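# Results of the structural survey
What follows is the residue order along each chain.
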Amino acid sequence: MPADHSGHKRGSGTRDESALGIPKVREAYCDLGAEQLVEQAIGRREGQLAHNGALVVRTGQFTGRSPKDKFIVRDELTESEVNWGPVNQPISPRHFDTLYSRALASLAGKEVFVQHCLAGADPEYSLSVRVITQLAWHALFARQLLIQPAHPGPHGEPDFTLLFVPDLQASPASDGTSSETCIILNFTRKIVLIAGTSYAGELKKSVFTILNHLLPAEDVMPMHCSANKGHDGRVALFFGLSGTGKTTLSADPNRFLIGDDEHGWSDRGVFNFEGGCYAKCIRLSREQEPQIWHAIRFGTVLENVAMDAETRTLDLNSHEITENTRAAYPLEFIENAVLPSVGEHPSHVLFLTADAFGVLPPISRLTPEQAMYHFLSGYTAKVAGTERGLGKEPEATFSAGFGAPFLPRKPGVYANMLGEKLRQHKAACWLVNTGWVGGPFGVGKRMKLSHTRAMLNAAISGDLEDVPMSPHPVFHVFVPKSCPDVPAELLDARGMWPDKSAYDRAAADLSARFRRNFEKFTLVGPEVRAAGPGK
């Protein structure tokens, strides 16, 4: 590939790189295609090809995000807008400027990879992002996860620049960071700096955090959810924390996938923030998740998946490196994906929770006020053995908006937007427990995926609209008496427990956890607080 006069390698759709704002590098590979990036990654020993053509990489010390190392620059622009605290930690402009200058200087004489991408499938709200990375596979990740411009280069000045420099180590004593790792968002300079980690999920979630901050000012609700639509065009949203089935349940062969993780809800409808999917693939099976299974091929990035060194066959059941194994691939790898990934206003909103205490009903209808309450609660229960540090008992987790680490503003801002949109567009909201029935983890049984799919299909199709419902005695949500293709007894959470008094104690305990968690929320009215569980 010929070099330009500045010594920068040119790829497809490139331009003069003098506007990148980085010092003279040895080579700048700009907007290379997936095939070229795979070649670069293999040539640089960043990864290996699996038997199915996917690029297998390791993320090193970090196999997940580092939330305690995430910061937002506190200045005149962000002072009154950001919900400062453990999630949104402040850092001074001076500390950022010093770190950023060191990051740029560290790239002098080295190779970099540059990708010009978009975030937001609706051009009305699209954000242009320039990603500069040290590693070819990080550039491939950005290319596959974000959206490619319809017309390749030349590109104007981006809305945001993301600089990913895993080799740079911060100094907590002088840089104001918590460790040698940092993820810093500077909304005034429109720059994100990621240093001291190779975990690519930081790139994806940094862009999501940017949109979570900017879009509410444009009356667009940013959402940590998946979305799909039926043959009739009716859109469904799926909210849920990791392990609740959000990606699996939205990847339905009988529906069309809009996106698996991040969306906006504007006055025009729903649109995907991304151009790809970032699916967990631990214990992935062809039978249960055929769409994701077939998406793992050439062009897909596999993070921390075990592979036989000789045969290059994958062991998707192995957690020897981490439980958080991931596959990053473009939406077009899903056979029934919606491209461009936009849809009408949703007719159904579904909150997924894996209740390992076995208390919540398998499916229940929510009023708009209850929807706001459960959206703010963002409840699920982690199961012992799935994460380090968890004991033998299930652990309740509450994450506002089903994505608290990515919400720069107060959670009540997003909850009020949800309530307004649910009422305006008359969307039905359901709470679905994909966790345990008949007792807690270790006693009861995990809800069968086939039964959960049947309940979702019945809710989305309208088959539950005329079914009699009764309020749950503790959580006050409305539980249907019957559901097609689901045994009626499964719908009664209390009835499935052999020991009814044990259920009552467990329900009272979980109810108290909800109430204690909700005490910290502001900006919502008393009707929302009253919509939660009783004593």
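Attention in this report is confined to the structure presented alongside it. (Residues numbered from 1 in each chain as written. Predicted model: local features only at pLDDT ≥ 70, side-chain atom pairs only at ≥ 80, totals over all residues. Heavy atoms only, no water.)

Time to look at the nonpolar core. Counting 54 residues, the largest nonpolar core has Leu237, Phe239, Trp265, Val349, Phe351, Phe375 and Phe475 as its most contacted members. Among the elements of the structure, strand S11 (221-229), strand S12 (235-240), strand S22 (346-353), helix H8 (368-377), strand S24 (379-382), helix H9 (411-425), strand S26 (428-433) and helix H11 (500-518) are those that each provide at least two residues to this core. The biggest single contributor to this core is H11, with six residues. Setting aside residues no more than four positions away along its own chain, Phe351 makes contact with Phe239, Leu366, Ala371, His374, Phe375, Phe402, Leu418, Cys429, Trp430, Leu431 and Val432. Membership of the second largest hydrophobic core comes to 51 residues, among which are Leu32, Leu203, Phe271 and Val301. (Core = buried A, V, L, I, M, F, W, Y, C linked by side-chain atoms within 4.5 Å. Buried < 20%, exposed > 50% of the residue type's maximum accessible area, 1.4 Å probe, protein only. Helix = DSSP H or I, 4+ residues; strand = E, 2+ residues; numbered from the N terminus. Contact = heavy atoms within 4.5 Å.)

Along an α-helix, residues three or four apart share an orientation, since each turn contains 3.6 residues. In a regular helix each residue adds 1.5 Å, so 14 residues correspond to 20 Å; helix H5 (residues 201-214) covers 20 Å between its end C-alpha atoms and thus fits that length. Where burial is concerned, most of H5 is hidden: 13 out of the 14 residues are buried. (Expected span 1.5 Å × (residues − 1).)

Turning our eyes to something else, we now look at the packing of H8 against H11. Axis separation between H8 and H11 bottoms out at 10 Å; the angle between their running directions is 80°. Looking at the two axes, H8 sits roughly perpendicular to H11. Contact residues: H8 offers Tyr373, His374, Leu376 and Ser377, while H11 offers Phe514, Arg515, Asn517 and Phe518. Residues of the contact of H8 with H11, tallied by class, amount to four nonpolar, three polar and one charged. (Axes fitted to C-alpha atoms, helices over the stretch in contact; angles between N-to-C directions. Parallel < 35°, antiparallel > 145°, perpendicular 65-115°, else oblique. Nonpolar A, V, L, I, M, F, W, Y, C, P; charged D, E, K, R; others polar.)

Inspection of the secondary structure assignment puts Val486 in the loop between strand S30 (478-480) and H11. A relative accessible area of 8% places Val486 in the buried class. C-alpha separation for the pair Val486 and Ala458, spaced 28 residues apart in sequence, amounts to 9.9 Å. Beyond its immediate chain neighbours, meaning those up to four positions away, Val486 contacts His451, Ala454, Met455 and Leu491.

Looking now at unusual backbone geometry. Of the consecutive residues Leu339 and Pro340, the connecting peptide bond is found in the cis state with omega at -5°. Positionally, Pro340 belongs in the loop between strand S20 (326-330) and strand S21 (342-343). At Lys190, a residue that is not glycine, the phi angle is positive and equals roughly 60°. For Lys190, the position within the fold is in the loop between strand S9 (182-186) and strand S10 (191-195).

At a closest axis distance of 10 Å, the pairing of helix H3 (residues 136-145) and H5 adopts a crossing angle of 40°. Judged on the interaxial angle alone, H5 and H3 are oblique. Classified by chirality, the crossing of H5 by H3 is right-handed. Between H3 and H5, the residues in contact are His138, Phe141, Ala142 and Leu145 and Gly201, Leu203 and Lys204, respectively. (Left-handed = near helix turned anticlockwise from the far one by under 90°.)

What follows is about helix H10 (residues 449-461). Its 13 residues place the ends of H10 18 Å apart at the C-alpha level, agreeing with the 18 Å of an ideal helix rising 1.5 Å per residue. Buried residues in H10 make contact with S12, helix H6 (246-250), S22, strand S23 (363-366) and S26. Residue Gly462 follows H10 closely and has a positive phi angle near 95°.

This part takes up the pattern of salt bridges. Between side chains of opposite charge, a pair can form when the charged atoms approach closely. Inspection of the entire model under this criterion finds 20 salt bridges. With a shortest N-O distance of 2.8 Å, Glu46 and Arg44 are connected by a salt bridge. By relative accessible area, which is 13% here, Glu46 ends up buried. Relative accessible area serves as the criterion here: at 28%, Arg44 is assigned to the partly exposed category. Ionic pairing is found between Lys204 and Glu274, a salt bridge with its closest N-O pair at 2.8 Å. Here Lys204, found in helix H5, pairs with Glu274, found in the loop between strand S15 (269-272) and strand S16 (276-280); they are 70 residues apart in sequence, far enough to count as distant. For Lys204, a relative accessible area of 3% translates into the label buried. Using a relative accessible area of 1% as the deciding quantity, one classes Glu274 as buried. One network of salt bridges, in which partners are shared, links Lys204, Lys205, Lys246, Asp261, Glu262 and Glu274. (Salt bridge = Lys/Arg side-chain N within 4 Å of Asp/Glu carboxyl O.)

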